[in-house]
Amino acid sequence: MSATEAPSAGATVWLTGLPSAGKTTLAHAVTGRLPGPAEVLDGDELRAVLSPELGHSRADRALNVSRIGYLARLLARNGITAVVAVVSPFADARLKVRAEHAAEGVPFVEVHVATPLRICRERDVKGLYERWRTGEVRELTGVDSPYEPPEDPELWLDTTGRSLSSCAGEVCAALADRVRR
Ligand SMILES: Nc1ncnc2c1ncn2[C@@H]1O[C@H](COP(=O)(O)OP(=O)(O)OP(=O)(O)O)[C@@H](O)[C@H]1O
Ligand SMILES: [Mg+2]
């Protein structure tokens with residue numbers, strides 16, 4: 001690329017939803033389909049690296065989301081599509097990240113992975129719902145800690161009974177639509 005050529009546009013795709021909703025699975029599928037540079041920012045991985053001292057209180061979750069939002073914005077404004085997979089249950093914390101992206105003109109695509117709790121419990125990929133049942137885990141989103149659904153996401157996606165490929169396609173289409181504007 002010459003010095004005068006504009007860098008490719010980045011964006012943030014923010015997948016929010018209950019544990020086992022499909023965020024991580026979708027994030028990898030979406031990233032694999034994108035033509036340009038893209039990175040998955042996964043809540044579990046980043047919590048271990050960036051926020052090991054944080055718990056699951058409202059304040060701690062907000063701080064974790066804020067750190068991930070900062071990182072996503074940094075990548076996105078440098079031409080990398082950041083595909084974020086994090087429960088991010090609180091609306092105000094997500095709105096803050098959205099506003100920070102808007103302030104810099106960085107496209108932000110919020111996807112509510114709206115798989116219902118009943119299905120998430122059945123999937124229970126990490127055994128969290130079962131560990132809640134036996135009392136090993138508390139403050140589990142959707143069970144004894146609230147999930148505040150986005151009021152106006154760019155995409156609402158219930159993965160129940162749907163193929164990964166079709167869901168990933170919808171996310172990519174929402175991204176393309178947002179970046180085109
Ligand atoms: N259409 C679909 N899209 C995404 N995942 C799907 C779909 N259909 C079934 N699944 C399954 O649902 C599960 C979702 O697990 P995943 O780890 O992605 O959830 P998560 O939202 O990242 O949960 P957590 O918040 O606990 O990290 C996987 O086992 C995946 O194969
Ligand atoms: Mg995950």
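For the structure itself, look to the data block above.
The paragraphs below set out a description of the structure included in this document. (Residues numbered from 1 in each chain as written. Chains lettered and ligands numbered in written order. Predicted model: local features only at pLDDT ≥ 70, side-chain atom pairs only at ≥ 80, totals over all residues. Heavy atoms only, no water.)

**Some words on the packing of aromatic side chains**
The geometry of two aromatic rings is summed up by the distance between their centres and the angle between their planes.
Thought 1: With the rule as written, the count across this model stands at one aromatic pair.
Thought 2: Geometrically, the ring pair formed by Trp14 and Phe108 is tilted, given 6.1 Å between the ring centres and 40° between the ring planes. Pair noted here: Trp14 is in strand S1 (residues 11-16) and Phe108 is in strand S4 (residues 108-113), with a separation of 94 residues, a long-range link.
Thought 3: For Trp14, a relative accessible area of 0% gives the class buried.
Thought 4: Looking at Phe108, the relative accessible area reads 3%, which means it is buried.
Thought 5: Over the face of the ring belonging to Phe90 we find Arg58, whose NZ or CZ atom lies 4.0 Å from the ring centre.
Thought 6: A cation sits over an aromatic face here: Arg138 above Trp132, 4.5 Å from the ring centre. (Phe/Tyr/Trp six-rings, centres within 6.5 Å; stacked < 30°, edge-to-face > 60°. Helix = DSSP H or I, 4+ residues; strand = E, 2+ residues; numbered from the N terminus. Buried < 20%, exposed > 50% of the residue type's maximum accessible area, 1.4 Å probe, protein only. Lys NZ or Arg CZ within 6 Å of the ring centre and 35° of its normal.)

**Observations concerning the site of ligand 1**
Thought 1: Lining the immediate environment of ligand 1, one finds 18 residues, of which Ser20, Lys23, Thr25, Lys126 and Arg162 sit closest.
Thought 2: The side chain of Arg123 places a nitrogen or oxygen atom 3.2 Å from an oxygen atom of ligand 1.
Thought 3: Here Arg162 contributes a backbone N or O atom positioned 2.8 Å from a nitrogen atom of ligand 1.
Thought 4: When ligand 1 is considered free in solution it has 650 Å² of accessible area, and contact with the protein chains removes 79% of it.
Thought 5: Breaking the shell around ligand 1 down by element, the ones donating at least two residues are helix H1 (23-33) and helix H7 (164-180).
Thought 6: It is H1 that contributes the most residues to the shell around ligand 1, three residues altogether. (Near = heavy atom within 4 Å. Polar contact = N/O pair within 3.5 Å; in protein donor to acceptor, adjacent residues only side chain to side chain. Areas by Shrake-Rupley, 256 points an atom, 1.4 Å probe, with all protein chains shown as cover.)

**Re the nonpolar core**
Thought 1: Of all hydrophobic cores here, the largest spans 28 residues; its most connected members are Leu15, Leu26, Val111 and Val171.
Thought 2: Elements that contribute at least two residues to this core include exactly S1, H1, strand S3 (81-85), S4, strand S5 (155-157) and H7.
Thought 3: For this core, the element with the highest residue contribution is H7, accounting for six residues.
Thought 4: Leave out the neighbours within four places in its chain, and Leu15 touches Lys23, Leu26, Ala27, Val83, Val84, Ala85, Val86, Val111 and Val113.
Thought 5: Judged by nonpolar contacts, the second largest core, of 13 residues, contains Leu41, Leu46, Ala82 and Val97. (Core = buried A, V, L, I, M, F, W, Y, C linked by side-chain atoms within 4.5 Å. Contact = heavy atoms within 4.5 Å.)

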